[in-house]
Amino acid sequence: MNQTDAIAKGFTEFYYNAFDTNRAGLAPLYRDMSLLTYEDKQFVGAQNIVAHLAGLPFQRIKHVITKCDAQPSHPTQGSILITVMGQLQFDDSPAPMNFVQTFHLYPEGGSNYFVYNDIFRLVLH
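(A) Geometry of the overall build of the chain. Regarding its fold elements, the chain presents two helices and six strands. Relative to its length of 125 residues, the chain is compact, with a C-alpha radius of gyration of 14 Å against a globular reference of 14 Å. Over its C-alpha atoms, taken along the principal directions, the chain stretches across nearly 45 × 30 × 25 Å. When the 125 residues of the chain are sorted by exposure, 36% land in the buried category. Long-range contacts, defined here as pairs at least 24 residues apart, represent 47% of the contacts in the chain between residues at least 6 apart. For the chain, the computed accessible surface area is about 7300 Å², with 55% contributed by carbon and sulfur atoms. For the chain, the centre of its 8 positive side-chain charges and the centre of its 11 negative side-chain charges are spaced 3 Å apart.

This is the structure in structure tokens:
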């Protein structure tokens, strides 16, 4: 596994575990300049993003990742583009729903990254 894939794997495991257990715990991943597109709504800044995610209308959720692809997204800055496909099941929903989510991670000193861009979409047929 190359370094980009290892970072992507570690990030996605942390992100979805935090999302599934304590959405407010996602706050350290975002900055004031971070952007989220969640379905058709856009949010700017860590506070607005986490407020939206924490306020989603379900109590329990479980993400199951089926595929995670990652690439370096800038030749010298070290940013990483990650696309995740999977299924999520919330509360007592009878069947899981498919989703796709894309993250642009930007380096922040040493081996730390923050989410600069986050785009989430349910896959509806």
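(B) Representation of the environment of Ser111 within the structure. Following the sequence through the fold, Ser111 ends up in the loop between strand E5 (97-107) and strand E6 (113-123). On the basis of relative accessible area, Ser111 is assigned to the exposed category, the value being 64%. Along the backbone, Ser111 and Thr12 are 99 residues apart, and their C-alpha atoms lie at a distance of 16 Å.

(C) Molecular detail of the nonpolar core. One finds Tyr15, Tyr30, Leu53, Ile82 and Phe103 to be the most contacted residues of the largest nonpolar core, which totals 29 residues. Those elements giving two or more residues to this core turn out to be helix H1 (3-21), strand E1 (30-38), helix H2 (46-54), strand E3 (61-72), strand E4 (80-90), E5 and E6. Contact partners of Leu53, with chain neighbours within four places excluded, come to Tyr15, Phe19, Arg23, Leu26, Tyr30, Leu36 and Tyr38.

(D) View of the packing of aromatic side chains. Under the defined criterion, the tally for this structure stands at 13 aromatic pairs. Relative to Phe103, the ring of Tyr16 lies with its centre 6.4 Å away and its plane at 70°, an arrangement referred to as edge-to-face. Residue Tyr16 is found in helix H1, and its partner Phe103 is found in strand E5; the two are separated by 87 residues along the sequence. Residue class for Phe103 comes out buried when judged on its relative accessible area of 0%. Note on Tyr38 and Phe120: the rings are 4.6 Å apart at their centroids and 10° apart in plane angle, and the pair reads as stacked.

The rules behind the values
Residue positions are counted from 1 within each chain, in the order its sequence is given. A pLDDT threshold of at least 70 governs which residues receive local features in this predicted model, and a stricter bar of 80 or more applies before side-chain atom pairs are shown or counted, although totals over entire chains, interfaces and linings include all residues. To obtain the side-chain values, all non-hydrogen atoms of the structure were included, while hydrogens and water were left out. The secondary structure listing takes helices from DSSP runs of H or I that are at least 4 residues long and strands from runs of E that are at least 2 residues long, numbered from the N terminus. In this setup the radius of gyration rests on C-alpha atoms only. A globule is expected at 2.2 Å times the number of residues raised to 0.38. Here the term buried applies to any residue with accessible area under 20% of the maximum for its type, exposed to any over 50%, and partly exposed to those in between, with areas from a 1.4 Å probe on protein chains only. By definition, residues are in contact when any of their heavy atoms lie within 4.5 Å. Residue burial considers only the protein chains on display, and all accessible areas are found by Shrake-Rupley using a 1.4 Å probe. Under the convention used here, Asp and Glu are negative, Lys and Arg are positive, and both His and the chain ends fall outside the count. Note that the charge is assigned to NZ on lysines, CZ on arginines, CG on aspartates and CD on glutamates. Think of a nonpolar core as a cluster: buried Ala, Val, Leu, Ile, Met, Phe, Trp, Tyr and Cys residues, connected wherever their side-chain atoms sit within 4.5 Å. Each pair of aromatic rings taken from Phe, Tyr and Trp, with Trp reduced to its six-membered ring, is defined by centres within 6.5 Å and is described as stacked if the planes are under 30 degrees apart, edge-to-face if over 60, and tilted in the remaining cases.

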